[in-house]
Amino acid sequence: MAIRRRNLIWNFLRTVLLTPVLGFINGNKLLDEEGTDSRTQLSSGDICVPKNEDVFILPPKPKDGDFVQFSVHVDSLLSPAIIKYSDRKILGDKEDLVLDNLSNFNLVYKKKSRSWEFS
């Protein structure tokens, strides 16, 4: 129980406190998006903090239950980041998702509906 609680605490700290300061976390690796192409190809399990017009591309061949976590940063409100539509619906629509509200959410791929949905 103590190990699980420690993991939950670490995940919370990493997501809420460190990620807005440091940028984008991919699994256990921190990827600094400064000075790189603004398009980011995501993998299942990634944690993202979108900022200033970032463009995210969801995993191209997702499996049922694959997820990506987002924590929309205040910097993204003036120049919103987007999640690019690419062959799989996002929230039931065949269009880009604009991230223009402060929020924390997961997008989970549902094989039955062939769509990325909130969890």
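The paragraphs below set out a description of the structure included in this document. (Residues numbered from 1 in each chain as written. Predicted model: local features only at pLDDT ≥ 70, side-chain atom pairs only at ≥ 80, totals over all residues. Heavy atoms only, no water.)

Notes on a nonpolar patch on the surface
- Taken together, the side chains of Val74, Leu77 and Leu102 define a hydrophobic patch exposed on the protein surface, amounting to about 260 Å² of accessible area.
- Looking at where Leu102 falls in the secondary structure, it is placed in the loop between strand E9 (97-99) and strand E10 (104-110).
- Judged by relative accessible area, Leu102 falls into the exposed class, the value being 54%. (Patch = residues over 30% accessible without salt bridge, like charges linked within 9 Å, V, L, I, M, F, W, Y side chains within 5 Å. Areas by Shrake-Rupley, 256 points an atom, 1.4 Å probe, with all protein chains shown as cover. Salt bridge = Lys/Arg side-chain N within 4 Å of Asp/Glu carboxyl O. Helix = DSSP H or I, 4+ residues; strand = E, 2+ residues; numbered from the N terminus. Buried < 20%, exposed > 50% of the residue type's maximum accessible area, 1.4 Å probe, protein only.)

Examining the packing of aromatic side chains
- By the definition in use, this model includes four aromatic pairs.
- Measuring from centroid to centroid gives 5.7 Å for Phe56 and Phe70, while their planes differ by 80 degrees, and the two rings are edge-to-face. Linking Phe56 in strand E5 (residues 55-57) with Phe70 in strand E6 (residues 67-71), this pair joins segments that are 14 residues apart in sequence. Across this residue pair, the class does not change: Phe56 and Phe70 are buried.
- Relative to Phe118, the ring of Phe105 lies with its centre 5.4 Å away and its plane at 85 degrees, an arrangement referred to as edge-to-face. Within this pair, whereas Phe105 is found in strand E10, its partner Phe118 is found in strand E11 (residues 115-118), the two being separated by 13 residues in sequence.
- By relative accessible area, Phe105 is classed as buried at 12%. (Phe/Tyr/Trp six-rings, centres within 6.5 Å; stacked < 30°, edge-to-face > 60°.)

A look at the nonpolar core
- Among the nonpolar cores identified, the biggest contains 16 residues, and Leu42, Phe56, Leu58, Phe70, Ile83, Leu99 and Leu107 are the most heavily contacted of them.
- The set of elements that each furnish at least two residues to this core consists of E6, strand E7 (81-84), E9 and E10.
- Looking at this core, the element that brings in the most residues is E10, giving three residues.
- When sequence neighbours within four positions are dropped, the list of residues in contact with Ile83 reads Phe56, Leu58, Phe70, Ile90, Asp96, Leu97, Leu99 and Leu107. (Core = buried A, V, L, I, M, F, W, Y, C linked by side-chain atoms within 4.5 Å. Contact = heavy atoms within 4.5 Å.)

Regarding the sheet that holds E9
- Taken in spatial order, the four strands make up an open sheet running E3-E5-E7-E9, and their pairing is mixed. The open sheet terminates on both sides in strands that have one partner only, identified here as strand E3 (39-41) and E9. Adjacent strand axes in the sheet meet at a mean angle of 25 degrees, parallel and antiparallel pairs treated alike.
- Sheet topology note: the E5/E7 ladder contains three bridges and is parallel. Within E7, the position partnered with Ile57 by the bridge is Lys84. (Pairing = 2+ DSSP bridges. Axes fitted to C-alpha atoms, helices over the stretch in contact; angles between N-to-C directions.)

A short note on unusual backbone geometry
- For Asp87, which is not glycine, the phi torsion reads 75 degrees and is therefore positive.
- Residue classification places Asp87 among the exposed positions, given a relative accessible area of 53%.
- Despite not being glycine, Leu91 has its phi angle at roughly 55 degrees, a positive value.
- Here Leu91 shows up in the loop between strand E8 (89-90) and E9.
- Leu91 gets classed as partly exposed once you look at its relative accessible area, which sits at 31%.

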